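Listed here are the chains, written in short residue letters.
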Amino acid sequence: MFSRVLVMLALVPAAVLIAAPAQAAGHGARPTNGFAKHGPWNTKLPRHVPLAANSAAVVENIRLDKVNNYGSWAVNTDEYSTPIFTVGRDTPTQRWTFSDCLNLPHLAPVIAASLAAVPTPADLIVSKGTDAAVTIYQPSTDTYWDFWRAEQDAAGHWSACWGGKIEHYSRNPGIFANPLGATATGLPMGAFTIRIDELRRGRIDHAVNIATVRTRKDCNSWPATRNDGNTEGADIPCEGQRFRLDPAFNISTVRSPAARTIARAMQEYGLIMTDKAGALVTYAEDPRPYMAANGGVDPYFALMDPDDVVPDGVEKYLILGDIPVERLQALPYDYGRPC
């Protein structure tokens with residue numbers, strides 16, 4: 001899913017990242033995603049914003065993607081999302097290898113600096129599914145990495161087909177330099193991925209993502225730096241395009257407390273189209289690192305369905321069911337782009 005990204009070959013310097021330790025919400029606190037407060041992820045939307053002239057038609061196409069692909073708006077957790085590792089200064093570094101799974105050897109110099117010295121914890125894992133993604137934060141050096149199709153060999157050596165590194169990530173708005181980054185849009189997974197701790201505290205202080213089946217071909221809207229759109233049409237959503245949940249929608253009608261938290265973030269900060277996918281989805285962090293430290297218990301069961309209404313394992317497919325896709329609103333291309 002993440003590598004159609006690489007058709008855009010602007011060979012720019014390989015380092016531009018952001019991330020900082022998560023802190024509690026409050027006046028002056030850093031956003032939990034660690035990126036700059038002024039970036040597209042961490043800036044609240046005003047209640048009254050201009051909508052795209054074709055907002056209703058674009059949203060209808062997203063609704064049709066939901067109807068025609070499993071009928072749900074799911075939350076990706078351990079598959080097609082990312083585990084997020086926050087590592088210390090003393091975490092051993094490793095020179096990762098460029099695996100070149102796409103047979104594009106000319107990209108090796110572009111990603112070389114991102115692979116040169118990666119703090120690699122012994123318990124590092126990647127997401128399930130073909131993306132095999134992973135996110136690494138190192139607050140002590142203010143550096144962040146995303147990798148796609150990451151893999152460890154029998155000798156313990158790591159490689160990746162693509163990804164990127166962001167230095168000074170606490171000052172970065174949450175955008176990789178083109179063509180780096182694990183998503184098809186060059187947008188860092190750590191900027192938009194919902195954290196377990198955010199759902200536990202009942203507050204998300206950044207925009208979340210949305211990915212759908214059909215995205216507009218050859219179209220990217222700021223903050224995306226590239227795209228892997230697959231469908232012609234002016235009313236197909238554009239990668240990087242910003243959406244929001246209608247602020248008039250009554251969040252109290254949403255039954256799951258976690259879904260209410262997500263819906264509030266969709267109203268306050270919005271959603272950004274980060275990729276295309278096999279269904280309509282939003283990303284939350286892979287729970288397996290949390291589970292390893294907490295007796296193997298998946299926290300999403302209780303967070304998404306505290307009353308145990310549905311069988312364990314299907315919560316992530318049903319959690320957003322009370323949020324009506326048709327109440328999304330599409331903002332104009334490049335909304336919020338700095339002049």
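Here the structure is shown first, and the text comes after it.
Residues numbered from 1 in each chain as written. Predicted model: local features only at pLDDT ≥ 70, side-chain atom pairs only at ≥ 80, totals over all residues. Heavy atoms only, no water.

Draft legend 1. Molecular detail of the overall build of the chain. Secondary structure summary: the chain contains eight helices and 15 strands in total. Since a compact globule built from 339 residues should have a radius of gyration of about 20 Å, the 19 Å found for the chain is in line with a globular shape. Buried residues in the chain amount to 58% of all 339 residues. Put simply, of all contacts in the chain between residues at least 6 apart along the chain, 74% involve residues at least 24 apart. Total accessible area on the chain stands at roughly 13500 Å², and carbon and sulfur atoms take up 53% of it. Looking at charge distribution, the chain has the averaged site of its 31 positive side-chain charges lying 6 Å from that of its 35 negative ones. (Helix = DSSP H or I, 4+ residues; strand = E, 2+ residues; numbered from the N terminus. Rg over C-alpha atoms; globule rule 2.2 N^0.38 Å. Buried < 20%, exposed > 50% of the residue type's maximum accessible area, 1.4 Å probe, protein only. Contact = heavy atoms within 4.5 Å. Areas by Shrake-Rupley, 256 points an atom, 1.4 Å probe, with all protein chains shown as cover. Lys, Arg positive; Asp, Glu negative; His and termini not counted. Charge placed at Lys NZ, Arg CZ, Asp CG, Glu CD.)

Draft legend 2. Fine view of the packing of aromatic side chains. By the definition in use, this model includes 11 aromatic pairs. Relative to F176, the ring of Y144 lies with its centre 6.2 Å away and its plane at 50 degrees, an arrangement referred to as tilted. Placement of the pair is Y144 in strand 7 (residues 143–148) and F176 in the loop between strand 10 (162–167) and helix 3 (189–192), with a sequence separation of 32 residues. Neither residue differs from the other here; Y144 and F176 are each classed as buried. Chaining the aromatic ring pairs together yields one cluster made of F35, Y137, Y144, Y169 and F176. (Phe/Tyr/Trp six-rings, centres within 6.5 Å; stacked < 30°, edge-to-face > 60°.)

Draft legend 3. Looking closely at the side chain of D286. With respect to the element layout, D286 can be found in the loop between strand 14 (280–283) and helix 6 (288–293). A polar contact is formed between the side chain of D286 and the side chain of R288, at a distance of 2.7 Å. Residues in contact with D286, not counting those within four places in the same chain, are T77, D78, S81, T82, P83, V126 and S127. (Polar contact = N/O pair within 3.5 Å; in protein donor to acceptor, adjacent residues only side chain to side chain.)

Draft legend 4. Spatial organisation of the state of the cysteines. Taken as a whole and judged by the stated rule, the model has two disulfides. Counting only the cysteines that take part in disulfides, in the order they occur along the chain, gives the pairing 1-2, 3-4. Sulfur of C339: no disulfide; nearest cysteine sulfur belongs to C238 and is 19 Å away. (Disulfide = S-S within 2.5 Å.)

Draft legend 5. The arrangement of the sheet that holds strand 10 in detail. With respect to topology, four strands assemble into an open sheet ordered 2-6-7-10, the strand pairing being mixed. Single-partner strands in this sheet number two, and they are strand 2 (84–86) and strand 10. Along the sheet, successive strands turn relative to each other by an average axial angle of 10 degrees, direction set aside. As paired elements, strand 2 and strand 6 (residues 134–138) share three bridges and run parallel to each other. If you follow T86 over to strand 6, its bridge partner there is Y137. With respect to the sheet, helix 2 (residues 108–115) is in contact with strand 7 and strand 10, its orientation differing from that of strand 10 by roughly 55 degrees. (Pairing = 2+ DSSP bridges. Axes fitted to C-alpha atoms, helices over the stretch in contact; angles between N-to-C directions.)

Draft legend 6. Structural context of helix 1 (residues 55–68). Along its 14 residues, helix 1 runs 20 Å from first to last C-alpha, staying within 8% of the 20 Å computed at 1.5 Å per residue. Every buried residue of helix 1 is accounted for by S55, V58, V59, N61, I62, D65 and K66. When helix 1 is viewed along its axis, its buried side chains cluster within an angular range of 150 degrees and face the same direction. Of the exposed residues in helix 1, those oriented more than 90 degrees away from the buried face are A56 and N68. Positive backbone phi, at 80 degrees, marks Y70, one or two positions downstream of helix 1. (Expected span 1.5 Å × (residues − 1). Arc of directions from axis to C-beta.)

Draft legend 7. Inspection of the pairing of strand 1 (residues 73–76) at higher detail. Taking every second residue as pointing to the same face, both faces of strand 1 are buried, with W73 and V75 on one and A74 and N76 on the other. As paired elements, strand 1 and strand 14 share four bridges and run parallel to each other. Across the sheet, the residue bridging to A74 is V281, located in strand 14.

Draft legend 8. Looking closely at the environment of L303. Mapping L303 onto the fold places it in helix 7 (residues 299–304). Here L303 is in contact with I196, L199, R200, S256, P257 and A258, once residues within four sequence places are set aside.

Draft legend 9. Structural detail: a nonpolar patch on the surface. A contiguous nonpolar patch, built from V314, Y317 and L318 and spanning about 250 Å² of accessible area, is present on the exposed surface. Tracing the sequence through the fold places V314 in the loop between helix 7 and helix 8 (315–318). (Patch = residues over 30% accessible without salt bridge, like charges linked within 9 Å, V, L, I, M, F, W, Y side chains within 5 Å. Salt bridge = Lys/Arg side-chain N within 4 Å of Asp/Glu carboxyl O.)

Draft legend 10. Representation of helix 5 (residues 257–268) within the structure. With 12 residues, helix 5 extends 17 Å from end C-alpha to end C-alpha; this agrees with the ideal 16 Å at 1.5 Å per step. All of the buried residues in helix 5 are A258, A259, T261, I262, A263, A265, M266 and Q267.

Draft legend 11. Examining the nonpolar core more closely. Core analysis: the biggest nonpolar cluster contains 48 residues, and W96, V134, Y144, F147, A150 and W162 have the highest contact counts within it. Within the residue set of this core, elements represented by two or more residues are strand 2, helix 2, strand 6, strand 7, strand 9 (158–160), strand 10, helix 3 and strand 14. Here this core takes four residues from strand 7, the largest share from any one element. (Core = buried A, V, L, I, M, F, W, Y, C linked by side-chain atoms within 4.5 Å.)

Draft legend 12. Inspection of the environment of T143 at higher detail. Along the chain, T143 falls in strand 7. On the accessibility criterion, T143 (6% relative accessible area) is buried. Not counting residues up to four positions away in its chain, the partners in contact with T143 are I136, Y137, Q138, K165, I166, E167 and Y169. Polar contacts involving the side chain of T143 include one to the main-chain carbonyl oxygen of T141, which spans 2.8 Å.

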